[in-house]
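Coordinates in review
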Amino acid sequence: MESDSAPTAVTVLDADVIEPAEIVVSSTAFESESDSAAEPLPKVEALWRGPSELVIAENVRKTFDLGAHPDVRDSIKEFGVSIPILAERQPDGSLHVTEGQLRALMAADVGTEKVPVWVTDADPSIPENERRISRTLMQMNVNDRRVPMVEADRADGIALMLDLGASVTRVAKGLQRKRSEIKHNAAIAASPTARGLVDSSSYSLEQLAVIAEYETLGDTEAVEYLAQVPRSSFSYRAKQIAADRRETRTRLEASLLYAALGFGVLTSEPDTSSTEPQILPAELLETVDSRPVTEDLIAAHAHRWLVYVDVEENGQLVDTLTGELVDPDHVDWDTQGNTESPPAGGRPHADSVEYRDRWTPLYFLAAEQLSESGLRVRTFAQNNGAAGSERAEQLRAEAAQAAADRDAARQERRRVRELNKRGLAAKERREEFLGRLLSRRTPPPQAGQFVAESLAWESDLLGSFHAPRTALNLLGVSGFTSELVASIQSATASRSWVIVLGMVLGAFESRAGKDSWRYNDRGLQRYLRFLAAVGEQLEFELVDVEQAAAGLIDFHDIDIDADINLDAAATATAA
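Residues numbered from 1 in each chain as written. Predicted model: local features only at pLDDT ≥ 70, side-chain atom pairs only at ≥ 80, totals over all residues. Heavy atoms only, no water.

**Some words on the overall build of the chain**
The cut-off we apply is this: Strands here are runs of E lasting at least two residues and helices are runs of H or I lasting at least four, both read from the DSSP assignment and numbered beginning at the N terminus. Classification of residues uses two cut-offs on accessible area relative to the type maximum, computed with a 1.4 Å probe and protein chains only: under 20% is buried, over 50% is exposed, and between them is partly exposed. By the convention used here, residues are in contact when the closest approach between their heavy atoms is within 4.5 Å. Per-residue and other accessible areas were derived by the Shrake-Rupley procedure at a 1.4 Å probe size, with only the shown protein chains allowed to occlude residues.
Along the backbone of the chain there are 20 helices and 13 strands. The buried share of the chain, reckoned over its 575 residues, is 37%. Expressed as a percentage of contacts within the chain between residues at least 6 apart in sequence, the contacts between residues at least 24 apart total 70%. With the model as given, the accessible surface of the chain reaches about 32800 Å², and the carbon-plus-sulfur share is 52%.

**Describing the sheet that holds strand E12 (residues 353-366)**
The condition is simple: Here the rule is simple: two strands pair whenever DSSP picks up at least two bridges between them. Lines fitted to the C-alpha atoms define the axes, with helices restricted to the stretch that makes contact. Angles between their N-to-C directions range from 0 to 180 degrees.
Sheet architecture is open: 4 strands sit in the order E8-E11-E12-E9, paired in mixed fashion. Only two strands of the sheet have a single neighbouring strand rather than two, namely strand E8 (264-265) and strand E9 (279-281). Sheet topology places E9 next to E12; 3 bridges connect them, and they run antiparallel. Pairing of Leu280 across the sheet is with Leu365, part of E12. Set on the sheet, helix H10 (residues 231-260) makes contact with E8, strand E11 (305-319) and E12; between it and E11 the angle comes to about 115°.

**Some details on the packing of aromatic side chains**
This is how it is decided: Stacked, tilted and edge-to-face pairs are distinguished by plane angle, under 30 degrees for stacked and over 60 for edge-to-face with tilted covering the rest, among Phe, Tyr and Trp rings (Trp via its six-membered ring) whose centres lie within 6.5 Å.
All chains considered together, the criterion is met by 9 aromatic pairs. Taking the centre distance of 6.2 Å and the plane angle of 70° together, the rings of Tyr258 and Phe263 count as edge-to-face. With a centroid separation of 5.6 Å and an interplanar angle of 40°, the aromatic rings of Phe263 and Tyr363 are classed as tilted. On the criterion of sequence distance, the pair formed by Phe263 in the loop between H10 and E8 and Tyr363 in strand E12 is long-range, its members being 100 residues apart. According to the relative accessible area criterion, Phe263 is buried, its value standing at 7%. Residue class for Tyr363 comes out buried when judged on its relative accessible area of 11%. Through successive ring pairs, a cluster of aromatic residues spans Phe450, Phe508, Tyr527 and Phe530.

**Description of helix H18 (residues 522-534)**
Condition: One less than the residue count of a helix, multiplied by 1.5 Å, gives the span that helix is expected to have. N or O atoms within 3.5 Å of each other form a polar contact, as long as, within protein, one can give a hydrogen and the other can take it, and as long as residues adjacent in sequence are counted only when both atoms are side-chain atoms.
Its 13 residues place the ends of H18 19 Å apart at the C-alpha level, agreeing with the 18 Å of an ideal helix rising 1.5 Å per residue. Inspection of H18 places Gly523, Leu524, Gln525, Arg526, Tyr527, Leu528, Phe530, Leu531 and Val534 among the buried residues, and these make up the whole buried set. Two to three positions downstream of the cap, the backbone nitrogen of Gly523 sits 2.9 Å from a side-chain oxygen, assigning the N-cap of H18 to Asp521.

**A look at the nonpolar core**
Threshold: To form a nonpolar core, buried Ala, Val, Leu, Ile, Met, Phe, Trp, Tyr and Cys residues must be joined to one another through side-chain atoms within 4.5 Å.
Ranked by internal contacts, the top residues of the largest apolar core, which has 33 residues, are Phe450, Leu501, Leu505, Tyr527, Phe530 and Leu531. When contributions to this core are tallied by element, the ones reaching two or more residues are helix H13 (389-437), helix H14 (447-457), helix H15 (467-474), helix H17 (493-510) and H18. Setting aside residues no more than four positions away along its own chain, Phe530 makes contact with Pro444, Gln446, Ala447, Phe450, Leu501 and Leu505. Listed in part, the 19 residues of the second largest apolar core include Ala152, Leu197, Val229 and Ile241.

**A few points about the packing of H15 against H17**
How we decide: The cut-offs work like this: below 35 degrees is roughly parallel, past 145 is roughly antiparallel, 65 to 115 is roughly perpendicular, and the gaps in between are oblique. Handedness of a helix crossing follows the sense of rotation of the near helix relative to the far helix, less than a right angle counterclockwise being left-handed and clockwise being right-handed.
Two numbers describe how H15 lies on H17: the axes approach to 7 Å, and their chain directions differ by 120°. Between H15 and H17, the angle falls in the class oblique. H17 is crossed by H15, and the crossing has right-handed handedness. Judged by residue contacts, Ala467, Thr470, Ala471 and Leu474 of H15 engage Gly502, Met503, Leu505, Gly506, Ala507, Glu509 and Ser510 from H17.

**Some details on the packing of helix H6 (residues 179-189) against helix H8 (residues 205-217)**
Direction vectors running N to C along H6 and H8 enclose 40°, while the axes themselves pass 8 Å from each other. Here H6 is positioned oblique relative to H8, judged by the angle of their axes. Crossing of H6 against H8: the hand is left-handed. In contact with Glu181, His184, Asn185, Ala187 and Ile188 of H6, H8 contributes Leu205, Glu206, Leu208, Ala209 and Ala212.

**Some remarks on the environment of Val543**
Position of Val543 among the secondary structure elements: in the loop between H18 and helix H19 (544-549). Sequence spacing of Val543 and Ala532 is 11 residues, and the spatial spacing of their C-alpha atoms is 9.8 Å. Setting aside residues up to four positions removed in sequence, Val543 forms contacts with Tyr236, Ala426 and Arg429.

**Considering the environment of Gln101**
Among the secondary structure elements, Gln101 is positioned in helix H2 (residues 101-110). A sequence separation of 45 residues divides Gln101 from Ile56, and the C-alpha atoms of the two residues are 6.4 Å apart. Gln101 has contacts with Ile56, Asn59, Arg61 and Phe64, leaving out every residue within four places of it along the chain.

**Regarding the pattern of salt bridges**
Pairing between side chains of opposite charge can happen when the charged atoms of each approach one another. We count it as follows: Whenever Lys or Arg places a side-chain nitrogen within 4 Å of a carboxyl oxygen from Asp or Glu, that contact is recorded as a salt bridge.
The tally for this structure, following the rule as stated, stands at 43 salt bridges. Residue Arg417 is joined to Glu247 by a salt bridge in which the shortest nitrogen-to-oxygen separation is 3.7 Å. Here Arg417, found in helix H13, pairs with Glu247, found in helix H10; they are 170 residues apart in sequence, far enough to count as distant. For the pair Arg417 and Glu247, a shared accessibility class is recorded, and that class is buried. Ionic contacts of the salt-bridge type, sharing partners, join the residues Asp244, Glu247, Arg251, Glu269, Asp310, Arg413, Arg417, Glu418, Lys421, Arg422 and Asp544 into one network.

Given below as structure tokens:
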């Protein structure tokens, strides 16, 4: 019985059979239901042949380098040739490749024994020039009309394999990709935002994985912000957000004790600059008999009070092993950086202590609670004999000045804290850039003059504290100076100059702290301006705190609210 289905041809490729595999063709294969006189389909054979048995004949693709496609080469070495090579059998029986010459050549190069070949017989009745025209048209169409897989689908496929139980190592090996790339793709597949951006080439896989991580956490504000920042500043902004999130988490952890004692916890420091604030700071209050409000008095009525836990950066010195507080005056600071040097007089070794942030509570009372608290707003002005309206005006002026002073102190604390966070994010991003810069084989054109000027101004630059260790880290040397010397001995002249540049950059970076924005360090200014000059071609530019450290702007002019208010979103995420 004849089938009503469309003509089909079913082929079976058997790797163990070298001769033509079985070809099963339906009875209607050469006949169309609509037109029985249609031109018949060509006779085809599916064969397994050694790549050396194939003839690489005339091909429109002549310019190529097999070594320029290591991923394709590795795939063929691992899995063999998956897409059959097209070939024409000539009258003498030779098989001339018409499509797939690169696959054939790579298979021969990696030692593949057999490749699948789809063979048709050359039609001797067609003139040679017409056959060459048809073959060229076919080859150009095949190459021009390839539809590449979109990166979003690639990410989905990787995620699917991992969900099905494949290990990251197996997928990475199978796709000839790095393990980190596989992990990034899996994260991207789970994030609608990152998946939507992956084919735009606006961000790297690593950057998209950061967006995906925040989307997984439900941090929509961070996701929306990072999806809009330029690629060149992405790393800095992402690190800035991460610093905000860390600070918020730590603040909430420090606040847990006060919440357990019955205090209401504030997630941001309230503005008390008004002469009639809705939230009153404890220092603005006093008892009815003019005594100051103490912590004991506050703790006794914790349910009435609000607390904001503020951070004093590097506000306390602690023992790194026990966490106990240490008096800085009792430490033998002469032992710093020298683990073999015993401290004098039984004092702590300088390397056994470190400065850490100190979290201190700031107490506030809601204005509506004042009447029931038994407290009152403190009187600032002393009675100097003035009476009536003059006395009232004096009190108002004193209250206004006190409110202004409080707000100025609050804003200053906030500015220092914000710029230090930016400074830390900038330093982390800068070190990443330095790693890329120092991995090059040749130094940038400006390097010679910069190095010469730096050593002329500071002859002891390379011997400064922490300079050698920082330089080794930036140059990717995990061992000691001897390892660096060994790499110098085998380096080219150009690479040796890159290493010299790395030693100078390491010296400057070792003294560039998160708070460099507030100091006038001429060496750092020269260093940062050099980075700005060489960074133009490497997607690196100085951010606001670095511009302040470079002397290009005044740090007082930095708008700490201009970019994004991250605190509100950070609170929700950390909670």
